[in-house]
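This is what each chain is made of:
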Amino acid sequence: MALSRISLSDFRNHRQTGFDDTQQFNLLVGENGAGKTNVLEALSLFAPGRGLRRAGLAEMAGAAGRGGFAVAASLVPTDGGDAVRLATLVDPRRPGRRAVRINSGDASANSLGEWLALAWLTPAMDGLFMDSAGARRRYLDRLAVALDPAHARHVARYEAALRERNRLLTGERMPDPSWMDGLEKQLAAHGAALGGGRAALIAALRDELAQLPPEPFARPILSYVPGGPAEAEPLQIALREGRARERAAGRTLTGPHRDELDVVMSGKLAPAANCSTGEQKAMLIAITLAHAALAARGRPLVLLLDEVAAHLDPLRRAALFERLVHSGAQAWLTGTELPPFEPIRDRAAIWRVARGEAARID
Amino acid sequence: MASQEIERLAQALARLPGLGPRSARRAVLWLVKRRETSLVQLLDALADVRERLVECTTCGNVDTSDPCAICSDPRRDAKAICVVEDVADLWALDRAKLFTGTYHVLGGKLSALDGVRPEDLNIARLLARVEAGGVDEVVLAMNATLEGQTTAHYLAERLEEFPVRITQLAHGLPVGGELDYLDEGTLAQALRARRPVG
């Protein structure tokens, strides 16, 4: 199954843009600011959540329109069965609400996830290995939630309990021991579930990545470095025993909020942060594809890859395209020029995007 | 520009939960137009509340008598105390008419971020009630939020020293709920809290 008969109405700079007769590879070529990423963002709304820019609904509504937008597409089965028509829109009369329709019936945004899996990679994620450990934890949690929605609840509960405990630690008075017990019990329960979710995610990604050849595409080796005891009971004990030290420090020093995702490039055995921009990009792509394969679980997979070819040399680009072919996923790729896509040009649908309009050029 | 009187009333109303300056001004205008009818009724009702309502010194409930109607009802089982965060929770539970014991209203929940400490809650009086004897069971009916559950853990620990049974409301499958639509966290709770049939 793949997305086809796509239409964008009043979506950012696209007044009325359509994409028909799509292929496994779909290329959007154009200058900076032409509206290529806007198309990927529109498609990313076929997943629950806020899309690939995490933007507000009002931001996505086109300036020329009346404050609403609509994105629609058909999910076409390869076996010739009936297509499923998906649409998501904001009615200008109800600007704060994103409506979803599946085969013309009202549906929830979550139910989109029953039909297809979407994954994306944007240049905004390029600095992941150089960024703070906190950014990598948020990244891990986003990936973990895609595999297990309950993970989100543990993240939220853990963070809320942590804020409460840190406030008690920094208070003028000695924290009430029973109050600390109550918070630590919840920190331990949700922290163990949170750490367990991250560890399971990384183990699954490791298995998936281990099946890939180490060359020519950089293969990342992931490891989970826990920030505290993994099980609930030892974590609760560590928190209780650390109170005096943590009161002096003014914050909680043990637990999954101190977790780290360690990434090393195989072969070179160099930490990802020390690798070249291109190698880092290749490793990010590898993780994104491995996670997408895990998260799809039998659903048709659509990959939105924004500017992925730019940092890769021809050899690695070819390896990426090869891998995308084997994934079976429908891929949407953007770029400022066509030549980097030469190896897949024959089997791709190509559009030139300019000033919010798209014209087929293949 | 609204007159000083209107502004003053609007500012007072704006602090009510769920209102805000804009809704408050709308309410004031509505009342001004009905000065002889609705406004008079409201004034009477407010004066009644101010004069007659008191907080029950036993349980913290709000009523026209102290002790409140629940605490002084001889048909109520004084051996069981159900602890709730707020009076609204007491009303919700009592609407169901299932709990035959008495209540205890904490007046909030522990929250370090909001600056609500144990001594800000009606906890000392709860401990005194239990310590005085004659209580077999304390039901902790806190909300299933982080703060609610922290408060429940806190109370459970403080009540440990007394010979009472400490229980908690069950978490899990809502009545009329469909498994297919429940999140994994709720399902896990429901499974953990499963019990023999019949």
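Note that the coordinates shown come from a computational prediction; the quantities given were computed from them, not determined experimentally.

**A look at the domain arrangement of chain B**
Here chain B is partitioned into domain 1 (4–52) and domain 2 (62–196). Inter-centroid distance (C-alpha atoms) of domain 1 of chain B to domain 2 of chain B is 34 Å.

**Overview of the domain arrangement of chain A**
All names here are of chain A. Each domain of chain A was delimited in the assignment, giving domain 1 (1–116 + 300–362) and domain 2 (127–298). Each of domain 1 and domain 2 was reduced to a C-alpha centroid, and the two centroids are 31 Å apart. Contact with domain 1, which involves 14 residues of that partner, is made by 16 residues of domain 2. In this assembly, domain 1 packs against domain 2 so that about 1300 Å² is buried in total across both faces, 76% of it on carbon and sulfur atoms. Among the residues domain 1 hides against domain 2, the three largest losses belong to His 311, Arg 316 and Arg 323. Together they make up 43% of the total. At the junction of domain 1 with domain 2, the criterion picks out zero salt bridges.

**Observations regarding the packing of helix H4 (residues 133–147) of chain A against helix H9 (residues 277–296) of chain A**
For any two helices packed against each other, the geometry comes down to the angle between their axes and how far apart the axes lie. All names here are of chain A. The geometry of H4 relative to H9 is characterised by a closest axis approach of 9 Å and an angle of 20° between their N-to-C directions. If you check the angle between H4 and H9, you find them roughly parallel. As H4 packs across H9, the resulting crossing turns out to be right-handed. Taken together, the residues of H9 that come into contact with H4 (itself represented by Tyr 139, Leu 143, Ala 146 and Leu 147) are Leu 284, Ile 287, Thr 288, His 291, Leu 294 and Ala 295. Along the lines of polarity and charge, the residues of the contact of H4 with H9 split into eight nonpolar, two polar and no charged.

**Focus on the packing of aromatic side chains**
All names here are of chain A. Overall, the coordinates contain seven aromatic pairs over all chains when judged by the stated rule. Summarising the aromatic geometry, the rings of Phe 19 and Trp 351 are spaced 5.0 Å apart at their centres and angled 80° between planes, so their arrangement reads as edge-to-face. Linking Phe 19 in strand E2 (residues 14–19) with Trp 351 in strand E14 (residues 348–354), this pair joins segments that are 332 residues apart in sequence. Here Phe 19 falls in the buried class, since its relative accessible area comes to 0%. Arranged with centres 6.1 Å apart and planes meeting at 40°, the rings of Phe 321 and Phe 341 form a pair that is tilted. Of the two residues, Phe 321 sits in helix H10 (residues 314–327) while Phe 341 sits in the loop between strand E13 (330–335) and E14, which places them 20 residues apart along the sequence. Note on accessibility: Phe 321 and Phe 341 belong to one class, buried.

Here is what the cut-offs are and how they apply
- Residues numbered from 1 in each chain as written.
- Chains lettered and ligands numbered in written order.
- Predicted model: local features only at pLDDT ≥ 70, side-chain atom pairs only at ≥ 80, totals over all residues.
- Heavy atoms only, no water.
- Domains from an automatic or database assignment.
- Contact = heavy atoms within 4.5 Å.
- Buried area = accessible area lost by both parts, 1.4 Å probe.
- Salt bridge = Lys/Arg side-chain N within 4 Å of Asp/Glu carboxyl O.
- Axes fitted to C-alpha atoms, helices over the stretch in contact; angles between N-to-C directions.
- Helix = DSSP H or I, 4+ residues; strand = E, 2+ residues; numbered from the N terminus.
- Parallel < 35°, antiparallel > 145°, perpendicular 65-115°, else oblique.
- Left-handed = near helix turned anticlockwise from the far one by under 90°.
- Nonpolar A, V, L, I, M, F, W, Y, C, P; charged D, E, K, R; others polar.
- Phe/Tyr/Trp six-rings, centres within 6.5 Å; stacked < 30°, edge-to-face > 60°.
- Buried < 20%, exposed > 50% of the residue type's maximum accessible area, 1.4 Å probe, protein only.

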